[in-house]
Amino acid sequence: ALLALSFALAGCITGGKYPQASTPGYEPRVIYDASFDKVWKAVNDALDSNRIAVVSTDQAAGRMQTDYVTGPTVGYLGGLGGLQNSRGNFNIRITREDSGKTKLLIIAKYETAYQGSHGNNTLYKDVSAQSPKVVKGMENWLYEQIEKRL
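Residues numbered from 1 in each chain as written. Predicted model: local features only at pLDDT ≥ 70, side-chain atom pairs only at ≥ 80, totals over all residues. Heavy atoms only, no water.

(A) Broad picture of the nonpolar core. Within the largest apolar cluster, 27 residues are counted, with the highest numbers of intra-cluster contacts made by Val43, Phe90, Ile92 and Leu104. Among the secondary structure elements, those contributing two or more residues to this core are α2 (36–49), β7 (83–96), β8 (102–115) and α3 (132–147). In terms of residues, this core owes the most to one element, α2, which gives seven residues. Once residues within four sequence positions are removed from consideration, Val43 is found in contact with Met64, Ile92, Ile94, Leu104 and Ile146. (Core = buried A, V, L, I, M, F, W, Y, C linked by side-chain atoms within 4.5 Å. Buried < 20%, exposed > 50% of the residue type's maximum accessible area, 1.4 Å probe, protein only. Helix = DSSP H or I, 4+ residues; strand = E, 2+ residues; numbered from the N terminus. Contact = heavy atoms within 4.5 Å.)

(B) Representation of α3. Look at α3: 22 Å from first C-alpha to last across 16 residues, which is about the 22 Å you get at 1.5 Å a residue. Each element contacted by the buried residues of α3 is listed here: β2 (31–32), α2, β7 and β8. (Expected span 1.5 Å × (residues − 1).)

(C) Highlighting the packing of aromatic side chains. Counted by the stated rule, this structure contains one aromatic pair. For the pair Phe36 and Trp40, a centre-to-centre distance of 6.0 Å together with 15° between the ring planes defines the contact as stacked. Taken together, the positions of Phe36 and Trp40, both in helix α2 and four residues apart, correspond to about one turn of that helix. Residue classification places Trp40 among the buried residues on the basis of a relative accessible area of 9%. Over the face of the ring belonging to Tyr68 we find Arg87, whose NZ or CZ atom lies 3.9 Å from the ring centre. It is Arg96 that lies over the ring of Phe36; its NZ or CZ is 4.0 Å from the centre. (Phe/Tyr/Trp six-rings, centres within 6.5 Å; stacked < 30°, edge-to-face > 60°. Lys NZ or Arg CZ within 6 Å of the ring centre and 35° of its normal.)

See below:
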């Protein structure tokens, strides 16, 4: 009974479509020995294969923004104490560098919202600054997905 109570108090986590973790110890290169067009295609292919929608794109400026991707939901008191939903999206910038190289910059945004058991819900709030490990994990995951295609 004590074990069941501790699980109920800790809550439960259900997965979403949220990106998986990158390989442990992975660090992105950021500057690639590849053309702008090749990096642009690799970014699009990585997003497409992971079913992440793009909401705005400007290839001439090298900018892209994705739609939100649903993250895990955390239940408090077995869901009786409410739920914390999460989501994230990516802002991507690709720039031409010297010697035919290309720089890729990915900035993730991580948001959470509370869904109370008594209708006391909150709107999604950007918690990126309070969650640097989550944000870095999201960014590294996407860098790794892109690098696999370069």
